[in-house]
Amino acid sequence: MASAARKPHIIVFANEKGGTGKSTTAVHVAIALAARGAKVAAFDLDHRQRTMGRYFDNRAATVQRTGRALPIPRHATHDGETDARFEELFADLAHDTDFLVIDTPGRDDRFGRLSAARADTLVTPMNDSFVDFDLIGQVHPETYKVTRPSFYAEMIWDARKARARADGSTIDWVVLRNRVQHIEARNMRRVSDALDQLAKRVGFRIVPGLGERVIYRELFPAGLTMLDAGEFGAMGLAHVAARQELREMMGALALPDTVLPQVA
């Protein structure tokens, strides 16, 4: 486990587009790791929406209201303005921690860029559409072949090179296919093919994420996740399918050592 001398594994969720399920996925990853017994801290950089912070506040309120023991990571929200406050909170959350999960704003943000450069695992959730794909690459309008990486992909590429020069570390960039809907098979194939092309050019991994399910929105007011089966009462097929998605996603993220969660 981590100690004061050990650097935590830093997981940064970053996407300059909103509506990709970024915060929901970040919360589920943090809780999954904590439920496994890891020391987990969470850092919300979006002081405007504060979705991750509100999620954990709701979870704490549920614990207080029900008296049930639910794992809650240490967490803080940045003010979005000062470098000193960012470094103070980052250092505090990274201390004596196995995993530090950082949720960045759905817009260009300098603290988000700074966090991405420090990531060990950089997760970019995206929906299965060329609107979202445009963040990382551009395609020909007729053939759908990738014509070039986008500014964002080039920024991540530069951050990875700078990180390698600075301390010899690598950033594992993961593109997470969230909210996949099985209704436009041709579009899904085109997006999938474009992702495969771009992955070979700029070096990210493609991982299955969480589906488009109402249950995720319903869990937010109580701060619950798909791991909190005991709080649901009867579990329907949607719950079972969602837990399977979470299990597959956590396995595909390939986070380090023995604290990798096993979702039952």
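Residues numbered from 1 in each chain as written. Predicted model: local features only at pLDDT ≥ 70, side-chain atom pairs only at ≥ 80, totals over all residues. Heavy atoms only, no water.

**Focus on helix α3 (residues 83-94)**
The condition that has to hold: Only DSSP runs of H or I covering at least 4 residues are called helices, and only runs of E covering at least 2 are called strands; the numbering of each starts at the N terminus. Helix span, as expected, comes to 1.5 Å for every residue beyond the first. Pairs of residues are marked as contacts when any of their non-hydrogen atoms sit within 4.5 Å.
Relative to the 16 Å expected for 12 residues at 1.5 Å per residue, α3 spans 16 Å between its end C-alpha atoms, a close match to the ideal helical length. Considering only its buried residues, α3 is in contact with β1 (9-13), β2 (40-44), β3 (74-77), β4 (99-103) and α4 (110-118). Once α3 finishes, D96 follows within two positions and takes phi at roughly 55°, a positive value.

**Concerning the sheet that holds β4**
Here is the rule: Following DSSP output, two strands are said to pair if at least two bridges run between them. Structural elements are reduced to axes, namely lines fitted to C-alpha atoms, with helices fitted over the stretch in contact, and the angle between N-to-C directions of any two is expressed from 0 to 180 degrees.
Pairing is parallel in the open sheet, where 7 strands are placed in the order β3-β2-β4-β1-β5-β8-β9. Strand pairing shows two members of the sheet lacking a second neighbour, β3 and β9 (205-208), which therefore form its edges. With direction set aside, neighbouring strand axes in the sheet form an average angle of 20°. For strand β8 (residues 172-178) and β9, the ladder comprises 4 bridges, and the chain directions are parallel. Of the residues in β9, the one forming a bridge with V175 is I206. Contacts from helix α7 (residues 185-202) reach β5 (121-127), β8 and β9 within the one sheet, and its direction differs from that of β8 by about 175°.

**Concerning the environment of K161**
Tracing the backbone through its elements, the reader meets K161 in helix α6 (residues 151-167). Residues K161 and V40, 121 residues apart in the sequence, show an inter-C-alpha distance of 27 Å.

**Side note on α7**
Rules: Partly exposed describes any residue whose relative accessible area lies between the buried limit of under 20% and the exposed limit of over 50%, with all areas from a 1.4 Å probe on protein chains only and scaled to the type maximum. What the arc measures is the spread of directions leading from the helix axis to the C-beta atoms.
Taking 1.5 Å per residue, 18 residues should reach 26 Å; α7 reaches 26 Å between its end C-alpha atoms and fits that length. Looking at α7, one finds that the buried residues are M188, V191, A194, L195, L198, A199 and V202. The buried residues of α7 occupy an angular sector of 140° when projected down its axis, which confines them to one face. Opposite the packed face of α7, turned more than 90 degrees from it, sit the exposed residues R186, R189 and K200. Two residues or fewer past α7, G203 is found with a positive phi of approximately 80°.

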